[in-house]
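# Observations on the three-dimensional arrangement
Chain residues, written in single-letter form:
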Amino acid sequence: MELGLALALARVDYVQVGVTSQKTMRLLPASGRRATQKVVIGDHDGVITCFGIKKGEAMPVFKTLPGQRITRLELGGALNTPQEKIFLAAGSEVRGFTKRGKQFLSFETNLTENIKAMHISGADLFLCASYIYNHYCDCKDQHYYLSGDKINDILCLPVEKLNCITPILACQDRVLRVLQGSDLLYEVEVPGPPSVLALNNGNGGDSGEEVLFGTSDGKLGLIQFSRSSPVHKWEIRNDKKRGGILCIDTFDIVGDGVKELLIGRDDGMLEVYNFDSTNDPVLRYDHALSESITSIQGGCVGKDGYDEILASTYSGWVTGLTTEPVNREGGSGEELKISQEMQNKISSLRSELEHLQIKVLQEREKYQQSSRSSTAVSAVPAFSVNDKFTLNKDDSSYSLILEVQTAIDNVLIQSDVPIDLLDVDKNSAVVSFSGCDSEPNSNFLLATYRCQANTTRLELKIRSIEGQYGILQAYVTPRIQPKTCQVRQYQIKPLSLHQRTHSVDHDRKGEGFFKSDNISTISILKDVLSKEATKRKINLNISYDINEISVNHTLKLIHPKLEYQLLLAKKVQLIDALKELQVHEGNMDFLIPEYRCILEEADHLLEEYKKQPAHLERLYGMITDLFIDKFKFKGTNVKSKVPLLLEILDSYDQNALITFFDAAA
């Protein structure tokens, strides 16, 4: 029997601090059962803010002076005692504070890069820069490891349970690396680049070996890390195409004695999962915030006895979803009954808002006066941009996510290679295209997205063409004065729609072996390697062995996609004519079942066709490239036969196409 979960949670926005990084907000341990807990959070201004809630108001416990950007914040203490000491990573330094705000540790590490990830267990400190892992015990060097790809997160299996130190690194190349000392114990491949790790149930489960992972493409899983080999317990695909996972916690928000999974995503989606009778997670509750969720915690914050889910967002908001009920007074008007406490809070906020509006007017006037004077100095305002450029292998597209701490005015997209911009449902910005000349300036795309008021997050979707590589640039302009802009660059690689593989042959030094079902992939590799070798004056010998059967095999792999797209295009072309007939006749009874079905599904068909512009042309392009590349390896130029190939594709028949490929020699 499946477990039910009925959650009625009310949203409360507590405070706003500066811009926050992933995993920089924690709840200090409670002094009693279901007593309110203090919140501690670090931001990009280098400030730690610790506060509690009293009568609905955030009351400060302590606040530190500004400093370097805080990239991680963890709680620690002696093993088997309350973890109430606060540790933060800023730059290459780790600092420690008591729960009252007194600093007791300032440890300057020997890392040459900024700390990206941190875990604390008793006297053991585990730190990671981009590729480097360091283990310290009582601030003394113990172990070191150089990772094969960027490290996104780290944790250690509970020492108090297992009596041994087992660090686990979450690396960008879709691998979790399990260490023993300074050596790699083993690797575990996961379905996407892992962005965050968490101990199951907060303690690794019954065995102490269970670790939850979330990926940057939105997948979630649980692995048991035994000493010899891993056991994959379960995995959840991202079927709803939601954002990447930035934070995970486990907490019993329902109050049934079983902890639920709390998930925070980079598209602002907060999720709660519980477990069915087969111990598989099931999504039971979600809530959309307007920006990425950098930290998530379960606990008691707003009022004694009422649990809640606490989240911090990119721009520094600390928001709670509480189980405390909102009282409603029944009646025809269904009016909201507001307590005196709430009325006082509203009055206080109104007063604060009026004060801020007056201050803004005064500062604006002061700025305008100074800009008129001969000695005026205009400072460029600084603003923070959080960006992510990732491949979605399911639909062969890239997601470009831009998040700014203030409202976005517009974003200009420029590319020196041909790309398509695809529709995104969540994107309400208005796009306009500018004409561009590709010849002298290598400009293939100029598009401007004008954002609606208060938009702080913009998601774009693009599709590239394999073999054509270069740079995509985003010029981000926020709604601040004086006008300023930041430019972000993203590399579109030659094999842009390929994904990293982990089964690579390492046979002989100085040699590389490349295999593919598709001749075009090998052709792109050959051309790019030759070009780069010539540019760098490197002597490169390339030999290839082409299997003729692979061409027909590739055509058969493309066949179902091509057939589906041709059928979709044909159905879409018929919709207008069928609708006209329906209006003229007054019903659909006279139509054959196939045409009735097209009319019934018209909205769905049009939506799908709109989401995949130029998809058919892409498939035509792939087949044309395959045709040219097949004969290029034989030293024959068949470009003059391409028009004939396109004619065959327009009246597509798989056997006729294969015959044409075979007979064209």
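Above this text sits the structure in question.
Residues numbered from 1 in each chain as written. Predicted model: local features only at pLDDT ≥ 70, side-chain atom pairs only at ≥ 80, totals over all residues. Heavy atoms only, no water.

### What about the overall build of the chain?
Along the chain, the regular secondary structure elements total ten helices and 37 strands. In terms of C-alpha radius of gyration, the chain reaches 29 Å, essentially the compact-globule figure of 26 Å for 665 residues. Oriented by its inertia axes, the alpha-carbon framework of the chain measures out at about 80 × 75 × 70 Å. A total of 665 residues make up the chain; the buried ones form 47% of that total. (Helix = DSSP H or I, 4+ residues; strand = E, 2+ residues; numbered from the N terminus. Rg over C-alpha atoms; globule rule 2.2 N^0.38 Å. Buried < 20%, exposed > 50% of the residue type's maximum accessible area, 1.4 Å probe, protein only.)

### Focus: a nonpolar patch on the surface
Where nonpolar side chains cluster on the molecular surface, the patch consists of Phe514, Leu529, Leu540, Ile542 and Tyr544 and spans about 460 Å² of accessible area. Mapped onto the secondary structure, Phe514 falls in the loop between strand E37 (486-492) and helix H4 (519-535). (Patch = residues over 30% accessible without salt bridge, like charges linked within 9 Å, V, L, I, M, F, W, Y side chains within 5 Å. Areas by Shrake-Rupley, 256 points an atom, 1.4 Å probe, with all protein chains shown as cover. Salt bridge = Lys/Arg side-chain N within 4 Å of Asp/Glu carboxyl O.)

### Topic: the packing of aromatic side chains
One pass over the structure, following the stated rule, counts nine aromatic pairs. When the ring of Phe87 is compared with that of Phe104, the centres are 5.7 Å apart and the planes differ by 90°; the resulting orientation is edge-to-face. Taken together, the residues Phe87 in strand E7 (residues 85-90) and Phe104 in strand E9 (residues 103-108) connect sequence positions 17 residues apart. Here Phe87 falls in the buried class, since its relative accessible area comes to 10%. By way of ring pairs, the aromatic residues Phe627, Phe631, Phe660 and Phe661 are connected into one cluster. Between Lys85 and the ring centre of Phe104, over which it is positioned, the NZ or CZ distance is 5.4 Å. (Phe/Tyr/Trp six-rings, centres within 6.5 Å; stacked < 30°, edge-to-face > 60°. Lys NZ or Arg CZ within 6 Å of the ring centre and 35° of its normal.)

### Things to note about the sheet that holds strand E8 (residues 93-97)
Spatially, E6-E7-E8-E9 is the arrangement adopted by the four strands of the open sheet, whose pairing is antiparallel. Each having just a single partner strand, strand E6 (70-76) and E9 make up the two edges of the open sheet. On average, adjacent strands in this sheet sit at an angle of 15° to one another, irrespective of strand direction. With six bridges joining them, E6 and E7 adopt antiparallel strand pairing. In the strand pairing of E7, Leu75 is matched with Ile86. (Pairing = 2+ DSSP bridges. Axes fitted to C-alpha atoms, helices over the stretch in contact; angles between N-to-C directions.)

### Some points on unusual backbone geometry
Here the phi dihedral of Asn80 falls at roughly 65°; this positive angle occurs in a residue that is not glycine. Position of Asn80 relative to the elements: it lies in the loop between E6 and E7. In this structure Asn80 comes out as exposed when scored by relative accessible area, which is 69%. Here Arg174, not a glycine, exhibits a phi torsion of approximately 65°, which is positive.

By themselves, these figures tell us nothing about what the structure is for.
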